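If you want the building blocks of each chain, they are given just below.
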Amino acid sequence: MTPPRIRRRRAADLDGCVAALAEVHRVDRYPLNWPADPHRWLREPHPARAWVAVDADAAVVGHVAVQRIPDPVGGPLGRPTAEVARLFVTPAARGLALGSALLDRARQWASERDTDLVLELAADSAAAAALYERTGWQCVGTSTAAWTAPDGGPVSLRHYRLRPDVAPAIVARRRATRRSLHE
């Protein structure tokens, strides 16, 4: 079996992204509220960059985006900040470390731009929280979402930031890998 590859999302990928998202929503209830226009939901707010994981048949099996956050003060380290958003992997493609690989792609993008990364998720998303914490994210707080759950109830959110000590380690690991490929 050929492992999925990750590449930049193209406009032509959106139908495949919506199909993959529908499967994720059916199994995991992500997103919690199914969007009225899922194509638009994936495109907005306008991401700075988005990537897809595609299988050997070019079917979308994963997705992640990063969107810049307007913040005149900067992130925790005084740098620009971007939010990781719309991360999902289809149930059939789980167990291949695609979630981690998609997050690595977002980290690489941020590192190249000296940008801090943050994200938020519904507090009851235990599997997502475990992935983030396992890959170097730190919960920095909670809040109640401005939007409601499908039943009209409140939604608790967990806010994460990439631990500052993780990003430099990823960059160093990539540089070492590149050097070994060129030796």
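Notes on the structure follow. No experiment lies behind these values; they were computed from the predicted model shown. (Residues numbered from 1 in each chain as written. Predicted model: local features only at pLDDT ≥ 70, side-chain atom pairs only at ≥ 80, totals over all residues. Heavy atoms only, no water.)

Let us now look at the packing of aromatic side chains. Under the criterion given, the structure shown has 3 aromatic pairs. Centroid distance Y132 to Y160: 6.0 Å. Interplanar angle 50 degrees. Geometry classified as tilted. Pair noted here: Y132 is in helix α4 (residues 126–134) and Y160 is in strand β7 (residues 154–162), with a separation of 28 residues, a long-range link. Residues Y132 and Y160 agree in their burial class; the two are buried. Feature note: the residues Y132, W137 and Y160 constitute an aromatic cluster, connected by ring pairs. Cation over ring: R86 sits above W41, and NZ or CZ is 3.9 Å from the ring centre. (Phe/Tyr/Trp six-rings, centres within 6.5 Å; stacked < 30°, edge-to-face > 60°. Helix = DSSP H or I, 4+ residues; strand = E, 2+ residues; numbered from the N terminus. Buried < 20%, exposed > 50% of the residue type's maximum accessible area, 1.4 Å probe, protein only. Lys NZ or Arg CZ within 6 Å of the ring centre and 35° of its normal.)

This paragraph deals with the sheet that holds strand β3 (residues 60–69). Within the open sheet, the 7 strands sit side by side as β1-β2-β3-β4-β5-β7-β6. Their pairing is mixed. Only two strands of the sheet have a single partner each, and these edge strands are β1 (5–8) and β6 (137–148). Neighbour-to-neighbour, the strand axes of the sheet open up by a mean angle of 25 degrees, direction not taken into account. Relative to strand β2 (residues 49–54), β1 is paired through 4 bridges, and the arrangement is antiparallel. The residue bridging R5 from the neighbouring strand is V54, located in β2. (Pairing = 2+ DSSP bridges. Axes fitted to C-alpha atoms, helices over the stretch in contact; angles between N-to-C directions.)

With that settled, the discussion passes to the environment of W137. Looking at the element boundaries, W137 is found in strand β6. The buried category is assigned to W137, whose relative accessible area is 3%. Here the alpha-carbon distance between W137 and L162, two residues 25 residues apart in the chain, equals 4.4 Å. Look past the residues within four positions of W137 in its chain and what remains in contact with it is V84, L103, R107, L117, V118, L119, Y132, Y160, R161, L162 and R163. (Contact = heavy atoms within 4.5 Å.)

Turning next to helix α3 (residues 98–112). Over its 15 residues, α3 extends 21 Å from the first C-alpha to the last, a length consistent with the 21 Å expected when each residue adds 1.5 Å. Those residues of α3 not exposed but buried are L98, G99, L102, L103, A106, R107, Q108, W109 and A110. Once α3 ends, the next one or two residues include D114, with phi positive near 50 degrees. (Expected span 1.5 Å × (residues − 1).)

Let us now look at helix α1 (residues 14–28). For α1, spanning 15 residues, the distance from its first C-alpha to its last is 20 Å, which sits close to the expected 21 Å at 1.5 Å a residue. Of all the residues in α1, the buried ones are L14, C17, V18, A20, L21 and V24. Taken down its axis, α1 places every buried residue within 165 degrees of arc, on the same side. Among the exposed residues of α1, those pointing more than 90 degrees away from its buried face are D15, A19 and R26. (Arc of directions from axis to C-beta.)

With respect to the helices and strands, the residue Q67 is situated in strand β3. Aside from chain neighbours lying at most four places away, what touches Q67 is P45, H46, P47, A48, A82, E83 and A85.

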